[in-house]
Amino acid sequence: MEQYSEKVMEHFRNPKNVGEIPDADGVGRVGNPTCGDIMELYIKVDKGIIKDARFKTFGCGAAIASSSMVTELVKGKTLEEAEKISNKAVIEALDGLPPVKRHCSVLAEEALKKAIEDYKNRQKDV
Amino acid sequence: MRVYLDNNATTPLAEEVKKEMADSAGIFGNASSMHKDGMLSRNLLEKARQKVSSGLGCSPDELIFTGCGTESDNIAIQGFLRGTDKKHIITSKIEHPAVLNVFKYLHNNGYEVTYLDVDEYGAVDPELLAGALRKDTALVSIMTANNEIGTIQPVKEISERIREYSKDIVFHTDAVQGFGKTDIDVKKMGVDMMSVSAHKINGPKGVGALFIRKGVKIKPVFIGGHHERGLRPGTENVQGIAGFGKAVEIAMAGMKEKNEKTGRLRDKLKEGIIRSIPNIKINGHPETVLPNTLNVSFRDVEGESIIMMLDMEGISVSTGSACTSGTLEASHVLLSIGLDHASAQGSVRFSLGVYNNEQEIGYVLEKLPGIISRLRDMSPLAKKSECK
């Protein structure tokens, strides 16, 4: 398999924003053990801005690095900006992922989209 | 500190093998040539053939050298089938890809294949196999020992069941993992063909061998000259083969004691893991298992992450997780012994070698619990199992 970039290794070694947010405003859970990875993304939103993001991930080095990176990318962004973060943006920020690991970045994008969707649904219920 | 515990993948060259290969490096003649240069190479080749065949318990004229274990498997299976019209073949679900993928290929090309189930420890039931034999069964291929979980198959019993049914069915075993780690004797085991490889026993890469019992007819898979009875044409890798001969010679000397020592270290590792890490499962047979192999599932964490973290601490191991295979499918061996996907994804294989020592095992036991607990803190699955 292709080597991981130094950036991926950095985020694997010292992942940012690990954990849950007990009073999260939105939670996105994606993946299953059959495909190898499970990702949970928690967001805290204030006045349309993502103030905090945390993750819990069962997965390989690329999955952990992608989770860590996506939480870094969304912090401080408006929901509209965050919704536009694609898996490509995650790959670029990580200085690339081996082809067989690209699905990990897709999972990160999906987890983020689901967390935002969850936040929006909760707003409707109020 | 580097601790190498991936000896089922490959092993380091033994010093004696390095020396043997260095000594033979100047001998360059083509072993097929009539002149003295050719003869010197031929002598090396035949000396090595003596040593390897003595390690397998066969006669030198029953052994051909090949490029690797995979090549031996292909020549044995495909080569035999080219000489028969029978279209039914049998193997197990936990074979190495070098056998399993050959069977899948044959399956797609007109052969009927029975893939035998294994029990929760990865063992093939000889009775189950006996029940699968048919009038049109051409060949059975069951590995001597499994590369991922180390389970040793009842090869002798399997052979007896086959013989009871028919004298014509050919029995091949891939002994690449078993050779040097468990008793190998083609006669006692009752096999017709056996594949072995040099680099799993501290020999060089790029050399394998295939035992073909006298009387078993196989046709070439590679077409070319007369080398190795026309079954593996191409100028022989004399230097590598000389290294293989030396590797077998040293592996056979004091094999029992070496395996006992490796087994003690493996047990120390196993007991240490059981003592210090909760929520684990030991995969493979508890007793009928290679002395060097330990396969463990760590619940709620993924194998590649574990091996990456161990690697950062200087420890080399491997995993049955899909994430390292590039196929996105977890180990077929672990799924076949009944593991769920999450447990298969979280499996790590520790495979020891003749050069490991107590201190290294102690070092692994010092690093591993922290790594598992760190990854469990990151895992969304861990909290769920706590609730159970």
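Residues numbered from 1 in each chain as written. Chains lettered and ligands numbered in written order. Predicted model: local features only at pLDDT ≥ 70, side-chain atom pairs only at ≥ 80, totals over all residues. Heavy atoms only, no water.

A. Inspection of the packing of helix 3 (residues 69-81) of chain B against helix 4 (residues 97-107) of chain B at higher detail. Residue and element names in this part refer to chain B. Taken N-terminus to C-terminus, the directions of helix 3 and helix 4 make an angle of 30°; their axes are 9 Å apart at the nearest point. Of the two possible hands of crossing, helix 3 and helix 4 adopt the one that is right-handed. Residue-level contacts link Thr 70, Asp 73, Asn 74, Ile 77, Gln 78 and Leu 81 of helix 3 to Ala 98, Val 99, Val 102, Phe 103, Tyr 105 and Leu 106 of helix 4. Residues of the contact of helix 3 with helix 4, tallied by class, amount to eight nonpolar, three polar and one charged. (Axes fitted to C-alpha atoms, helices over the stretch in contact; angles between N-to-C directions. Helix = DSSP H or I, 4+ residues; strand = E, 2+ residues; numbered from the N terminus. Left-handed = near helix turned anticlockwise from the far one by under 90°. Contact = heavy atoms within 4.5 Å. Nonpolar A, V, L, I, M, F, W, Y, C, P; charged D, E, K, R; others polar.)

B. Just the sheet that holds strand 12 (residues 318-319) of chain B, in detail. Residue and element names in this part refer to chain B. If you trace the four strands from one edge of the open sheet to the other, you get 9-10-13-12, paired in antiparallel fashion. Edge positions in the sheet fall to strand 9 (280-283) and strand 12, since each of these pairs with one other strand and no more. Two strands pair when backbone bridges link them, and strand 10 (residues 293-298) and strand 13 (residues 347-351) are joined in this way by five bridges, in the antiparallel orientation. Residue Ser 297 lies in a different strand from strand 13, and its bridge partner there is Ser 347. Along the sheet, helix 9 (residues 255-276) makes contact with strand 9, strand 10 and strand 13, crossing strand 10 at roughly 15°. (Pairing = 2+ DSSP bridges.)

C. Spatial organisation of the domain arrangement of chain B. Residues and elements named next belong to chain B. Once the domains are mapped, chain B shows domain 1 (3-10 + 255-381) and domain 2 (15-252). Spacing between the C-alpha centres of domain 1 and domain 2 amounts to 28 Å. When domain 1 packs against domain 2, close to 2400 Å² is buried across both sides, 53% of that on carbon and sulfur atoms. In this structure, the connection of domain 1 to domain 2 is made through zero salt bridges. (Domains from an automatic or database assignment. Buried area = accessible area lost by both parts, 1.4 Å probe. Salt bridge = Lys/Arg side-chain N within 4 Å of Asp/Glu carboxyl O.)

D. Summary view of the side chain of Asn 147 of chain B. All names here are of chain B. If you trace the backbone, Asn 147 turns up in the loop between strand 5 (137-141) and helix 6 (155-165). The buried category is assigned to Asn 147, whose relative accessible area is 10%. Leaving out residues up to four positions away in the same chain, Asn 147 has contacts with Asn 8, His 96, Gln 177 and Arg 349. (Buried < 20%, exposed > 50% of the residue type's maximum accessible area, 1.4 Å probe, protein only.)

E. Region of the structure containing helix 4 of chain B. Of all the positions in helix 4 of chain B, only Ala 98, Val 99, Leu 100, Val 102, Phe 103 and Leu 106 of chain B are classed as buried. Where the residues of helix 4 of chain B are buried, they touch helix 3, strand 3 (88-92), strand 4 (112-116), strand 5, strand 6 (170-174) and helix 12 (332-336) of chain B.

F. Examining the nonpolar core more closely. Residues and elements named next belong to chain B. Formed by 64 residues in total, the largest nonpolar core has its most connected members in Leu 5, Leu 269, Ile 273, Phe 298, Ile 306, Phe 350 and Leu 368. For this core, the element with the most residues is helix 14 (residues 358-378), which contributes nine residues. Those residues in contact with Phe 298 that sit more than four places away from it in its chain are Ile 273, Ile 277, Asn 279, Ile 280, Ile 306, Gly 346, Val 348, Phe 350, Leu 368, Ile 372 and Arg 376. Among the nonpolar cores identified, the runner-up in size contains 54 residues, and Val 52, Ile 90, Val 140 and Ala 209 belong to it. (Core = buried A, V, L, I, M, F, W, Y, C linked by side-chain atoms within 4.5 Å.)

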